[in-house]
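Descriptive analysis of the structure
In case you want the letters, here they are:
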Amino acid sequence: MANDVTTFTIKDALAARIEDHIEIAIEAQDGTKLKLKAKADQLEALVGDLETILDADDA
């Protein structure tokens, strides 16, 4: 799968609730624009992962 992944560095990002999902709009430093759609439970899991990573960095 690693060969199928493109890595972008985030320039700007914002999020909004749209009806029954959350949309995250991202602009990469190279100008690429992405819009991600996710259910709240998917983002809660992602936030949990990010908190774990950041907490480990603080230790």
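Please refer to the structure higher up on the page.
Residues numbered from 1 in each chain as written. Predicted model: local features only at pLDDT ≥ 70, side-chain atom pairs only at ≥ 80, totals over all residues. Heavy atoms only, no water.

1. With respect to the overall build of the protein
Condition: The numbering of helices and of strands both runs from the N terminus, where a helix is a DSSP run of H or I of at least 4 residues and a strand a run of E of at least 2. Just to be clear, the radius of gyration here is over C-alpha atoms, and the globule rule we use is 2.2 Å times residues to the power 0.38. Accessibility here uses a 1.4 Å probe with only protein chains present; expressed as a share of the type maximum, an area under 20% marks a residue as buried, one over 50% as exposed, and anything in between as partly exposed. Counting rule for charge: Lys and Arg are taken as positive, Asp and Glu as negative, and neither His nor the chain ends is counted. A single reference atom marks each charge: NZ on Lys, CZ on Arg, CG on Asp, CD on Glu.
Looking only at helices and strands, the protein has 1 helix and 3 strands in total. Start at the N end of the protein and walk to the C end: the helices and strands fall as β-β-β-α. For 59 residues, the compact-globule formula gives about 10 Å, and the C-alpha radius of gyration of the protein, at 14 Å, lies well above that figure. Principal axes of the C-alpha set define a box for the protein whose edges measure 35 × 30 × 25 Å. The 59 residues of the protein split such that 12% are buried. For the protein, the separation between the mean place of its 6 positive charges and that of its 14 negative charges on side chains is 12 Å.

2. Digging into unusual backbone geometry
Phi is positive for Glu19, which is not a glycine, with a value near 50°. For Glu19, the position within the fold is in the loop between β1 (10–18) and β2 (21–28).

3. Here's the deal with the sheet that holds β1
Operational definition: Pairing between strands is defined by DSSP: at least two bridges between them are needed. Here the axes come from fitting lines to C-alpha atoms, over the contacting stretch only for helices, and the angles between their N-to-C directions go from 0 to 180 degrees.
In spatial order, the strands read β1-β2-β3; together these 3 strands make up an open sheet with antiparallel pairing. With one partner strand each, in any of the chains shown, β1 and β3 (33–38) form the two edges of the open sheet. Neighbour to neighbour, the strand axes of the sheet diverge by 15° on average, direction disregarded. With 6 bridges connecting them, β2 and β3 associate as antiparallel partners. Considered in β3, the bridge of Glu27 is made with Lys33.

4. Observations concerning a nonpolar patch on the surface
Defined as follows: Like-charged residues are merged into a patch within 9 Å and nonpolar side chains (Val, Leu, Ile, Met, Phe, Trp, Tyr) within 5 Å, provided each residue has over 30% relative accessible area and no salt bridge. Method for areas: the Shrake-Rupley scheme with a 1.4 Å probe, in which residue coverage is limited to the protein chains shown. Criterion for a salt bridge: a side-chain nitrogen of Lys or Arg within 4 Å of a carboxyl oxygen of Asp or Glu.
Taken together, the side chains of Phe8, Leu34 and Leu36 present a nonpolar region at the surface, about 230 Å² in accessible area. Turning to its location among the elements, Phe8 is positioned in the segment before β1.

5. Some words on the side chain of His21
Defined as follows: For the purposes of these results, a polar contact is taken to be a pair of N or O atoms within 3.5 Å, where, inside protein, one atom must be able to donate a hydrogen and its partner to accept one; residues adjacent in sequence count only when each atom of the pair is a side-chain atom. Working rule for contacts: check all heavy atoms of both residues, and any pair within 4.5 Å makes them a contact.
By secondary structure assignment, the location of His21 is in strand β2. Residue class for His21 comes out buried when judged on its relative accessible area of 12%. Reaching out from His21, the side chain makes a polar contact with the side chain of Glu23 at a distance of 2.9 Å. Once residues within four sequence positions are removed from consideration, His21 is found in contact with Ala16, Lys37 and Ala38.

6. Details of the pattern of salt bridges
All chains considered together, the criterion is met by 3 salt bridges. Of the charged contacts, one joins Lys11 and Glu27 as a salt bridge, the two residues approaching to 3.9 Å between their closest N and O atoms. One end of the pair, Lys11, is in strand β1; the other, Glu27, is in strand β2, and 16 residues separate them in sequence. With relative accessibility at 55%, the residue Lys11 sits in the exposed group. Given a relative accessible area of 25%, Glu27 falls into the partly exposed group.

Everything listed here is a matter of coordinates, which is why it stays silent on function.
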